[in-house]
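Examination of the molecular architecture
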Amino acid sequence: MDIEEDVDELEIYKPIEICSLLDEPNGKNNQTDENFFRGCKWAPDGTCLLTNSNDNHLRTFDLPSELHCKSVWRPSNQRPKLNYTLKIKEGGIIYDYVWYPKTSSIDGFTSYFLCSSMYAPIHLWDSVGGEIKATYRPYNQVDEVTHAYSLAFSLDGNKIYAGFLSEVKIFSTDRPGRECVSRNLKPWFRKNIVSAIAINPVHPDICALGTYSKIIGLFSDSDGRPLFFLKGHNGGITHLEFSSNGILLFSGARKDCEIICWDLRNPGCILHTFPRQVSTNQRVYFDLTSCSNYLLSGNTNGDLSIWNVNTSNLPSSPYEESVQEPLYKFSAHQDCTNGVSVHPFYPILGTTSGQRHVSLTDQEEIQQSVDGIEENGYCRKL
């Protein structure tokens, strides 16, 4: 993606594909329904792209050397190859993963990322050697190791926030093990999963928690008390992100065809809504540019939309909610574009695609099973 500034207005030119992975994550040339990408995130230093796949593997792809220190690209038949440099296997479905905020390829002691998978503790992985550097073990009420559904680092990287069923646990990064601070959220969220976590970049004491109950809560990190709650989505929250100035909060949900922009100066007020197509329960990521003036998101039909947010000219209260149409839209993939990540320094956009497809044969088998159950009297239609 190349963004250039004109005399009177900002104009976004058509994105150019500069590098792609032709083979599937499992090494096969043909796409399969069993394996597909489920998101991507650039490292804070911009040296590599971390991806999640349905085969329960995390992979890192180094940015090709030909693409470093460039601001504009032109169409070319000779494009650098994109090959993964690290492949990590987790034991089950990967729920969330996040980079250590101080990751630097120059300093090998800070090149880490967190990962949470089904029925497993939280792992801190070395993105260079592919080794587990630390393990954080969350336990439930019956003293069994449980898994986190969402993860987030504090801005300084000293704390780890992990979301569970009606609970958030806070670990100290330099103290692996089971020692943590647990905060019960049942009084406000009842029995619901904390599915997304975001830390305010300007006021680190403010933590936003999204749940599958369609409610977003902003809490004080110092005492764990709620500040206020946001309601407006039609589905469970899947992704949260603050603007760089800490004033706006963007939220997306599953089976919800809009991204909501909340103005934290007026709690509960919706500033903008950004329409997008999300017709499944799959987590479809969105991302903001470093200045937070542009919002980018994929769609379940394979398109990618770009909106102009313009955080430098926010309206003052009172104001009315407005629907923002995309500034630009293009077809990024032939399948669901679920991962979108803007490079922290270069005008490069990383995307991933894929979703689970049910074949006609599988649908027929499911229908036959349902019909058989109904005939035997185990189920009846109302």
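Residues numbered from 1 in each chain as written. Predicted model: local features only at pLDDT ≥ 70, side-chain atom pairs only at ≥ 80, totals over all residues. Heavy atoms only, no water.

The protein is annotated in an unreviewed UniProt entry as WD repeat-containing protein 79 of Diaphorina citri. In UniProt, the protein has this text filed under Sequence similarities (unreviewed entry): "Belongs to the TCAB1 family." (UniProt positions renumbered as here; feature names shortened; annotations may be inferred.)

Our focus in this paragraph is the sheet that holds strand β9 (residues 122-126). Taken in spatial order, the four strands line up as β7-β8-β9-β10 in an open sheet, and their pairing is antiparallel. Looking at the sheet topology across the chains shown, the edges are occupied by β7 (94-99) and β10 (132-136). Going across the sheet, the axis of each strand differs from the next one's by a mean of 20°, ignoring polarity. Direction of pairing for β9 relative to β10: antiparallel, over a ladder of four bridges. (Pairing = 2+ DSSP bridges. Helix = DSSP H or I, 4+ residues; strand = E, 2+ residues; numbered from the N terminus. Axes fitted to C-alpha atoms, helices over the stretch in contact; angles between N-to-C directions.)

With that settled, consider the pairing of strand β12 (residues 159-164). By the criterion of burial, β12 is predominantly enclosed, with five of the six residues buried. Bridge count between strand β11 (residues 150-153) and β12: four bridges; the pairing is antiparallel. Across the sheet, S150 pairs through a bridge with G163, a residue of β12. Counted between consecutive antiparallel strands, the loop separating β11 from β12 contains five residues, among which G157 sits at a positive phi close to 80°. Direction of pairing for β12 relative to strand β13 (residues 167-172): antiparallel, over a ladder of six bridges. Residue I160 lies in a different strand from β13, and its bridge partner there is F171. Here β12 folds back onto β13 in antiparallel fashion, the turn holding two residues, of which S166 has a positive phi close to 55°. (Buried < 20%, exposed > 50% of the residue type's maximum accessible area, 1.4 Å probe, protein only.)

Before going further, it helps to examine the packing of aromatic side chains. Summed over the entire model, instances satisfying the criterion amount to 14 aromatic pairs. Note on F189 and F219: the rings are 5.9 Å apart at their centroids and 65° apart in plane angle, and the pair reads as edge-to-face. With a gap of 30 residues between them, F189 in helix α1 (residues 186-189) and F219 in strand β17 (residues 215-220) connect regions that are remote in the sequence. By the burial criterion, F189 is buried, and F219 matches it. Stacked on the ring of F164, the Lys or Arg K169 has its end atom at 5.9 Å from the ring centre. The side chain of R178 reaches across the aromatic face of Y139, ending 3.8 Å from its centre. (Phe/Tyr/Trp six-rings, centres within 6.5 Å; stacked < 30°, edge-to-face > 60°. Lys NZ or Arg CZ within 6 Å of the ring centre and 35° of its normal.)

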